[in-house]
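This is what each chain is made of:
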Amino acid sequence: MKRTIKKIVIHCSATREGVDIKASTIDVWHRKRGFRSIGYHYVIDLDGTIENGRPLDKPGAHCEGVNDSSIGICYIGGLDSHGKPKNTLTPEQNDSLVTLVSMLKDSFPDIKIFGHNELDPSKSCPCFNVQEWLKRL
């Protein structure tokens, strides 16, 4: 199946700042929820490593209503030490997110970029304003 990709949706893992998990952990969580595999296409670890998740040719399972036409990127973090929403992007994660988004824009020139909370206002994920972040790039 050839997918028409129109959006990038940025997410956080909703884990506390500094808690180091990997795409494999999220894969387990998502399978327990009934998903075939991890719902995100990419995961950005605390040290900035970009892990592959679901293959790009497969629809994601990360944002209801746009999974068929989007790429899901998740950074590890998003909560402060008390479990409240917070932008916890490390400098390494930020650099990797810039690199990954730039690479995807080269492959999909007309792609639009959103935070999960822009497409589902009931969410605080990714716990930062993606449009403001894009303006600073």
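Residues numbered from 1 in each chain as written. Predicted model: local features only at pLDDT ≥ 70, side-chain atom pairs only at ≥ 80, totals over all residues. Heavy atoms only, no water.

*Asks:* I would appreciate a short explanation of the pattern of salt bridges in the present structure.
*Replies:* Opposite charge on two side chains makes pairing possible when the charged atoms of those side chains draw close. Across all of its chains, the model carries 5 salt bridges by this definition. A salt bridge links aspartate 27 to arginine 31; the shortest N-O distance between them is 2.9 Å. Of this pair, aspartate 27 and arginine 31 are both found in helix H1 (residues 23–32), 4 residues apart, which corresponds to roughly one turn of the helix. Its relative accessible area of 45% is what places arginine 31 among the partly exposed residues. Across the salt bridge formed by lysine 135 and glutamate 132, the nearest N and O atoms sit 3.3 Å from each other. Residue lysine 135 and its partner glutamate 132 are both found in helix H4 (residues 130–135); the two are separated by 3 residues, about one turn of the helix. Take lysine 135: its relative accessible area is 63%, and that puts it in the exposed class. In this structure glutamate 132 comes out as partly exposed when scored by relative accessible area, which is 37%. One connected set of salt bridges, linked through shared partners, spans Asp20, Lys22 and Asp45. (Salt bridge = Lys/Arg side-chain N within 4 Å of Asp/Glu carboxyl O. Helix = DSSP H or I, 4+ residues; strand = E, 2+ residues; numbered from the N terminus. Buried < 20%, exposed > 50% of the residue type's maximum accessible area, 1.4 Å probe, protein only.)

*Asks:* Would you mind showing me how to read the environment of arginine 136 here?
*Replies:* By the element assignment, arginine 136 lies in the segment after H4. Residue class for arginine 136 comes out exposed when judged on its relative accessible area of 62%. Expressed as a C-alpha distance, the spacing of arginine 136 and lysine 22, which sit 114 residues apart in the sequence, is 28 Å.

*Asks:* Would you take a moment to explain the side chain of histidine 116 for this structure?
*Replies:* Within the secondary structure, histidine 116 sits in helix H3 (residues 116–119). Owing to a relative accessible area of 9%, histidine 116 belongs among the buried residues under this scheme.

*Asks:* Where do I start with the side chain of serine 70 in this structure?
*Replies:* Checked against the element boundaries, serine 70 lands in strand S5 (residues 70–75). Classification of serine 70 as buried rests on a relative accessible area of 0%. Looking at serine 70, its side chain comes within polar contact range of the side chain of histidine 62, at 3.1 Å. Apart from residues no more than four positions distant in its own chain, serine 70 is found in contact with Arg3, Lys7, Val9, His41 and His62. (Polar contact = N/O pair within 3.5 Å; in protein donor to acceptor, adjacent residues only side chain to side chain. Contact = heavy atoms within 4.5 Å.)

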